[in-house]
Amino acid sequence: MSVSACGSSDGDGGSASGGSASGKANDTTAQGKTGAEAKTTGLKTIPDVGNRLQSEIPSNSRQVVAVYGAGKNSADSTIVLYTKSGSTWKKTRTWEGHNGKKGWTTDHHEGDKRSPVGVFTLSDAGGVLKNPGAKLPYTQSAAFQAPHYWAKSHWHDFDYVIAIDYNRVKGTSPNDPTRPEGQSKGGSIWIHMDHGSGTSACVSLSKSGMQYLLRTLDPAQHPVVVMGDKADLKA
């Protein structure tokens, strides 16, 4: 049986819609130029995140994946990895990617096609492909394979996935179906590979970006994702 993922019983399937004009998630790296460097190192807090969500980042977290949604109803997002050294944060990597087809919500429900706004821990990973060197516990299984009745562009979505700890049990495979808050609150919301457009509720980025995150996110650093549209992130 194929895995059901991204907060919807039909996963991320269907024809591609929304997303960026290029239809691809791009990788960029924090530049070492003097001006840019000053803005991406020595940060006391995660940029463009308000006090409410900032306070929800665990004090022992030293890795934050920030997902900056372009707008409340937009499927486009920018994904930034921040790492903490001492008392300051540094921007270490940036990617262009996607979120829910219909944007964002502070009250996510099954099938609404919106990604949930909030701060969530990152505890488990997996995918169709063999472990690329993940530090998070990694489950390789053919059960992650996206159904082939979905658009062909979506078939590799779950080659690599990182579970977002929204309505799930930590310490289990990302495709574990248990939803502690009930089915109606959605679940199986992941960071996974991008297909060039919005998802059912997940966050997506390039294959190389997924490999980088898998090899970098470390349970000992207590990684979390801070995600939402720009307005809700700042609220």
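Residues numbered from 1 in each chain as written. Predicted model: local features only at pLDDT ≥ 70, side-chain atom pairs only at ≥ 80, totals over all residues. Heavy atoms only, no water.

Draft legend 1. View of the overall build of the protein. Helix and strand content of the protein: four helices and twelve strands. Burial status across the protein gives 50% buried among its 235 residues. Of all intrachain contacts in the protein linking residues separated by at least 6 positions in sequence, the fraction that spans at least 24 positions is 67%. Accessible surface, the protein as shown: approximately 9,900 Å² in total, 50% of it carbon and sulfur. (Helix = DSSP H or I, 4+ residues; strand = E, 2+ residues; numbered from the N terminus. Buried < 20%, exposed > 50% of the residue type's maximum accessible area, 1.4 Å probe, protein only. Contact = heavy atoms within 4.5 Å. Areas by Shrake-Rupley, 256 points an atom, 1.4 Å probe, with all protein chains shown as cover.)

Draft legend 2. Here's a closer look at the environment of Thr 178. Structurally, the position occupied by Thr 178 is in the loop between strand S9 (161-164) and strand S10 (190-193). Among the residues examined, Thr 178 registers a relative accessible area of 39% and is labelled partly exposed. Spatially, the C-alpha atom of Thr 178 lies 6.1 Å from that of Arg 168, the residues being ten residues apart in sequence. Setting aside residues up to four positions removed in sequence, Thr 178 forms contacts with Asn 167, Arg 168 and Val 169. Reaching out from Thr 178, the side chain makes a polar contact with the side chain of Asp 176 at a distance of 2.7 Å. (Polar contact = N/O pair within 3.5 Å; in protein donor to acceptor, adjacent residues only side chain to side chain.)

Draft legend 3. Molecular detail of the pairing of strand S4 (residues 88-98). Sheet topology note: the strand S3 (residues 76-85)/S4 ladder contains ten bridges and is antiparallel. Across the sheet, the residue bridging to Val 80 is Thr 94, located in S4. If you look at the hairpin formed by S3 and S4, you'll find two residues sitting between the two strands, and Gly 86 has a positive phi there, around 65°. (Pairing = 2+ DSSP bridges.)

Draft legend 4. Structural view of the pattern of salt bridges. Within the structure shown, the criterion is met by seven salt bridges. Salt-bridge contacts for Arg 168 lead to Asp 124; the nearest nitrogen and oxygen are separated by 3.0 Å. Of the two residues, Arg 168 sits in the loop between S9 and S10 while Asp 124 sits in strand S7 (residues 118-127), which places them 44 residues apart along the sequence. Using a relative accessible area of 4% as the deciding quantity, one classes Asp 124 as buried. A salt bridge links Asp 165 to Arg 168; the nearest nitrogen and oxygen atoms lie 2.7 Å apart. Residue Asp 165 is classed as buried on the basis of its relative accessible area of 12%. Note on Arg 168: relative accessible area 12%, which makes it buried. Through salt bridges with shared partners, a single network forms among Asp 124, Asp 165 and Arg 168. (Salt bridge = Lys/Arg side-chain N within 4 Å of Asp/Glu carboxyl O.)

Draft legend 5. Spotlight on the confidence of the model for the protein. Looking at the protein, pLDDT values average 88 and 83% of them are 70 or higher. Overall, residues 7-25 carries pLDDT values under 50, and its contacts beyond four positions in sequence, including any with other chains, amount to 65 contacts. In the predicted structure, residues 29-38 sits below a pLDDT of 50 and forms seven contacts with residues beyond four places in sequence or in another chain. (pLDDT = per-residue confidence, 0-100.)

Draft legend 6. Here's a closer look at the pairing of S7. Among the ten residues that make up S7, eight are buried, leaving the element largely enclosed by the rest of the structure. In this structure, S7 lies alongside strand S12 (residues 224-229), joined through four bridges in antiparallel fashion. Paired with Phe 120 across the strands is Val 225, a residue of S12. Both S7 and S9 contribute to a ladder of three bridges, which runs antiparallel. Bridge pairing links Leu 122 to Ile 164 in S9. When S7 meets strand S8 (residues 138-140), the two strands line up parallel, connected through three bridges. Its bridge partner lying in S8, Gly 126 is registered against Thr 139.

Draft legend 7. The arrangement of the environment of Gly 127 in detail. Among the structural elements, Gly 127 can be located in strand S7. Placed 15 residues apart in sequence, Gly 127 and Ala 142 show a C-alpha to C-alpha distance of 7.7 Å.

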